[in-house]
Amino acid sequence: MSEYLRVKNYEVLRGTSMAAPFVTAVVAAMKSVEPSLSVNEVKAKLFSTTKAVPADERKFARFGLVDMTNAMAAKPTSFVVPQLKENGTVEVDQNLSFTWELPIERLVGPGADVKIKILSNSTLTFDQPEQTITKLSTSSVQKLSFSGTVVDLFVDNVVPVHFEVDGRAYQA
């Protein structure tokens, strides 16, 4: 028995498996109009035009909801993203100290400075919560290292870290 309300044989579901066909359709439409678009240009067009989702839904949508009309028309001149798939487990030593590496990639745009800011967190304190990558060039990735101390933690605790990359909010 399904836990979802059925309306005319459809279910409301969430997740990447549900989003993939829609995102694929938008990418296909973009490539049909502009066949020379690179992978990074496609990503920049998609990511820079998403519609915001409520905070409690961000677990299911990292960048937001795809917006086909705006994605098709977008001409992003610069877009930088964190590579969150590479962020796994962070080891904490006996002194409750940790180091967290955050890879940042410039998808499109000229080599320019990128500002990263860790937002307040009651579980962790960061030694240097704001850092800048100087002149990050297009299609390059640079890892930033953030270190700090655990203030309050239980075994196998999952701690979301909220941060901004060039003013755009993310969660890891």
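Coordinates for the structure precede this section.
This section reports on the structure supplied with the text. If you're wondering where the values come from, they're calculated on a predicted model, not measured in any experiment.

Moving on, we get to the sheet that holds strand β3 (residues 112-118). Spatially, the four strands line up as an open sheet ordered β5-β3-β7-β8, and their pairing is antiparallel. A strand with exactly one partner marks an edge of an open sheet, and here the two such strands are β5 (130-136) and β8 (168-171). Going across the sheet, the axis of each strand differs from the next one's by a mean of 25°, ignoring polarity.

Once that is clear, we can look at the pairing of strand β6 (residues 141-150). The side chains of a regular strand alternate between the sheet's two faces. Inspection of the sheet shows strand β2 (residues 97-108) paired to β6 by nine bridges, in the antiparallel sense. Across the sheet, Leu102 pairs through a bridge with Leu144, a residue of β6. One ladder, built from three bridges, connects strand β4 (residues 124-126) with β6; its direction is antiparallel. For Leu124, the partnering residue across the bridge sits in β6 and is Val150.

For any pair of aromatic rings, the description rests on two quantities: the centre-to-centre distance and the angle between the ring planes. In total, this model carries six aromatic pairs according to the counting rule given. When the centroid spacing of 5.8 Å and the interplanar angle of 70° are considered together, the rings of Trp100 and Phe163 count as edge-to-face. You can see Trp100 sitting in strand β2 and its partner Phe163 sitting in strand β7 (residues 162-165), a full 63 residues away along the chain. Taken as a pair, Trp100 and Phe163 share a single burial class, namely buried. Joined through ring pairs, the aromatic side chains of Phe98, Trp100, Phe126, Phe146, Phe163 and Tyr170 make up one cluster.

Rules of the game
Note on numbering: residues in each chain are counted from 1, in written sequence order. Side-chain atom pairs in this predicted model are given and counted only at pLDDT of 80 or more, local residue features only at pLDDT of at least 70, and totals for whole chains, interfaces and linings cover all residues. Water and hydrogen atoms play no part in the side-chain values, which are based on all heavy atoms of the structure. A pair of strands counts as paired when DSSP detects no fewer than two bridges linking them. Secondary structure follows DSSP: runs of H or I at least 4 residues long count as helices, runs of E at least 2 residues long count as strands, and numbering of each begins at the N terminus. Only C-alpha atoms enter the line fits that serve as axes; for helices the fit covers just the stretch in contact. Angles between N-to-C directions range over 0 to 180 degrees. In summary, the pairing rule links any two rings of Phe, Tyr or Trp, Trp by its six-membered ring, whose centres are within 6.5 Å, and it sorts them by plane angle into stacked for under 30 degrees, edge-to-face for over 60 and tilted for everything else. Only protein chains enter the accessibility calculation, which uses a 1.4 Å probe; a residue is then buried when its area is under 20% of its type maximum, exposed when over 50%, and partly exposed in between.

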